[in-house]
Amino acid sequence: MVSTLSSCPSVKFQTAPSLLLVLALAACAESHSNKSVPEPRIAVSQVTLAPESAQAMINEYRADHGLKPVSLAEKLTSAATAHARDMARQDRISHRGSDGSDPWARVRQTGYAALLAAENAAAGQRSFAEVLQGWKGSPGHNRNLLLRDATQMGIALATRPDGRYKTFWILVMGKPG
C-alpha cells in the first residue's frame, strides 16, 4: 500500500492592505506511513466519497477545536475535482497542475472570489476517514483543516486503478470575498 500525504507551511499573498489572501500548500514533501498490521483493503473501484459525510467529519473536528462549521461550495468542489483528476491523469501528487497552475489559480478559474483559500492533497488512501486521520496528523494539513476564517470547503476524489497511487484526494478550504 502506498499512503502519501504532503505538507509545507502557508504562503501568504497580499493584494491590498485590507485584503489578506492565504494559500496553504500541502504537497511539498512526501511522507509515507507504514502500519504493522495491514488493514483490509477494498478495491479501488469501490472507493467512494460522500461530500456531505466528509463535511460532517471535518465540521465535527472543527467543533472539537471550538471552530465554526464550513459549508460545501460548488466552486471550491469544482477546483478540487479538476485538480484531483489532473493528479490522477499524471499519476502524481502535487499542488502544481500539469498546466502549471497553483491552487490559488485553480480557485480563481472557477470564479470563486476568495479572501482565503487553502488546499490539502493526499493519495493512496481507500476511505475519507483514512485521509482525514492522515491530515490530522500532519501539521500543515491540520492547520488547513482548522483555519479559523474558513467558511466553505470543496472536496474531491479521483481514481486511477492502474496507477501507483490509485486514489487522489483534494480538499479546498475557503472564504469568499
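Here, every reference points to the structure presented above.
Note that the structure is predicted; figures quoted are calculated from it, not measured. (Residues numbered from 1 in each chain as written. Predicted model: local features only at pLDDT ≥ 70, side-chain atom pairs only at ≥ 80, totals over all residues. Heavy atoms only, no water.)

Caption draft 1: Spatial organisation of the overall build of the protein chain. Helix and strand counts for the protein chain stand at 5 helices and 8 strands. The order of helices and strands in the protein chain, counted from the N terminus, is β-β-β-β-α-β-α-α-β-α-α-β-β. Within the protein chain, the proportion of its 177 residues that are buried is 49%. For the protein chain, the share of sequence-separated contacts (at least 6 apart) that also reach a separation of at least 24 residues comes to 72%. (Helix = DSSP H or I, 4+ residues; strand = E, 2+ residues; numbered from the N terminus. Buried < 20%, exposed > 50% of the residue type's maximum accessible area, 1.4 Å probe, protein only. Contact = heavy atoms within 4.5 Å.)

Caption draft 2: Looking closely at the nonpolar core. Core analysis: the largest hydrophobic core is formed by 23 residues, its most contacted members being Ile58, Phe128, Leu145, Leu171 and Met173. Looking at this core, the elements that each hand over two or more residues are helix 1 (51–64), strand 6 (114–123), helix 4 (128–136), strand 7 (152–159) and strand 8 (167–176). If near-sequence neighbours (up to four positions away) are discounted, Ile58 is found in contact with Val70, Phe128, Leu132, Leu145, Met153 and Leu171. Core analysis: the next-biggest nonpolar cluster, separate from the first, contains 21 residues, Val107, Ala156, Ala158 and Val172 among them. (Core = buried A, V, L, I, M, F, W, Y, C linked by side-chain atoms within 4.5 Å.)

Caption draft 3: Highlighting the packing of helix 1 against helix 4. The contact between helix 1 and helix 4 brings their axes to 11 Å, and the two run at 30°. Classified by the angle their axes make, helix 1 and helix 4 are roughly parallel. For the crossing formed where helix 1 meets helix 4, the hand is right-handed. On helix 4, the residues that touch Ala54, Met57, Ile58 and Tyr61 of helix 1 are Phe128, Ala129, Leu132 and Lys136. (Axes fitted to C-alpha atoms, helices over the stretch in contact; angles between N-to-C directions. Parallel < 35°, antiparallel > 145°, perpendicular 65-115°, else oblique. Left-handed = near helix turned anticlockwise from the far one by under 90°.)

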